[in-house]
Amino acid sequence: FLPHLVASLEQVEQTYIMVKPDGVQRGLVGEIISRFERKGFKLTGLKLFQCPKELAEEHYKDLKTKSFYPTLIDYITSGPVVCMVWEGVGVVASARKLIGSTNPLQAEPGTIRGDLAVQTGRNVVHGSDSPENGKRETALWFKEGELYEWTPAQAPWLME
Ligand code: GDP
Ligand code: MG
């Protein structure tokens, strides 16, 4: 029984984070995972995966009318990606801050895109933009048996 975890249970969010094909090709997988790991979030799903076109289209369906949409679908399906689900209090907004602005030239130094990328069309990582989309995207990219509930040994040292 861990009271410090039970107390904040309703505040726990999930976010879908993905190292995009350029991040994998450029050998940035470990670097990107470590930023979420060091922050103190909990990894509940992780896999290398080459995404079929239909899934990419569903994931980015809100951008269907944008001029860059076809190149975005080509980019995301161009090679394996690393799919992750991270869990924690406030994880959705915090992950977006760790990732930085969509355009890497405008992303602050210290953020993933600010440190590791230069172009919007090659911005190395994805992160859900709301708790609702965190759930939606998790369900889209992961099957039930691929996600794990566990208690990190460090939990009482992260949450009071
Ligand atoms: P995000 O939430 O910061 O990833 O940004 P959006 O949801 O607005 O866009 C999704 C993804 O589409 C971005 O991460 C980029 O990979 C791509 N994208 C967005 N805007 C542009 C653009 O103007 N040009 C190109 N080539 N890609 C874009
Ligand atoms: Mg987005």
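Residues numbered from 1 in each chain as written. Chains lettered and ligands numbered in written order. Predicted model: local features only at pLDDT ≥ 70, side-chain atom pairs only at ≥ 80, totals over all residues. Heavy atoms only, no water.

Further remarks concern the overall build of the chain. Helix and strand content of the chain: 9 helices and 4 strands. What you see in the chain, going N to C, is helices and strands ordered as α-β-α-α-β-α-α-β-α-α-β-α-α. For 160 residues, the compact-globule estimate of 2.2 N^0.38 gives 15 Å, and the C-alpha radius of gyration of the chain, at 16 Å, lies within 12% of that figure. Counting only C-alpha atoms and orienting by the principal axes, one finds that the chain spans roughly 50 × 35 × 25 Å. Burial statistics for the chain: of 160 residues in total, 43% are counted as buried. As displayed, the chain has an accessible area near 9,000 Å², and 55% of this comes from carbon and sulfur atoms. (Helix = DSSP H or I, 4+ residues; strand = E, 2+ residues; numbered from the N terminus. Rg over C-alpha atoms; globule rule 2.2 N^0.38 Å. Buried < 20%, exposed > 50% of the residue type's maximum accessible area, 1.4 Å probe, protein only. Areas by Shrake-Rupley, 256 points an atom, 1.4 Å probe, with all protein chains shown as cover.)

This next bit is on the UniProt feature "active site" (unreviewed entry) in the chain. Under the UniProt annotation, "active site" (unreviewed entry) lies at His126. With respect to the secondary-structure elements, His126 resides in strand β4 (residues 125–127). What makes His126 buried here is its relative accessible area of 10%. With near-sequence residues (within four places) excluded, His126 lies in contact with Tyr16, Ile17, Met18, Lys20, His59, Tyr60, Ile99, Arg113 and Glu137. (UniProt positions renumbered as here; feature names shortened; annotations may be inferred. Contact = heavy atoms within 4.5 Å.)

Right, let's get into the side chain of Arg113. Here Arg113 is to be found in helix α7 (residues 112–116). Salt bridges are absent for the buried Arg113, whose nearest opposite-charge side chain, Asp22, sits at 8.4 Å. From its side chain, Arg113 meets the backbone oxygen of Asn123 in a polar contact 3.3 Å long. Residue contacts for Arg113: discarding those within four places in its chain leaves Lys20, Ile99, Gly100, Ser101, Thr102, Pro104, Ala107, Asn123, Val125 and His126. (Lys, Arg positive; Asp, Glu negative; His and termini not counted. Salt bridge = Lys/Arg side-chain N within 4 Å of Asp/Glu carboxyl O. Polar contact = N/O pair within 3.5 Å; in protein donor to acceptor, adjacent residues only side chain to side chain.)

This paragraph deals with the site of ligand 1. Taken together, the neighbourhood of ligand 1 is formed by Lys20, Tyr60, Leu63, Phe68, Leu72, Tyr75, Arg96, Thr102, Arg113, Thr120, Gly121 and Asn123. Here an oxygen atom of ligand 1 and a side-chain polar atom of Lys20 are 2.9 Å apart. Contact between ligand 1 and Arg113: an oxygen atom at 3.0 Å from a side-chain N or O atom of the residue. Tallied by class, the residues present in the shell around ligand 1 amount to 5 nonpolar, 4 polar and 3 charged. (Near = heavy atom within 4 Å. Nonpolar A, V, L, I, M, F, W, Y, C, P; charged D, E, K, R; others polar.)

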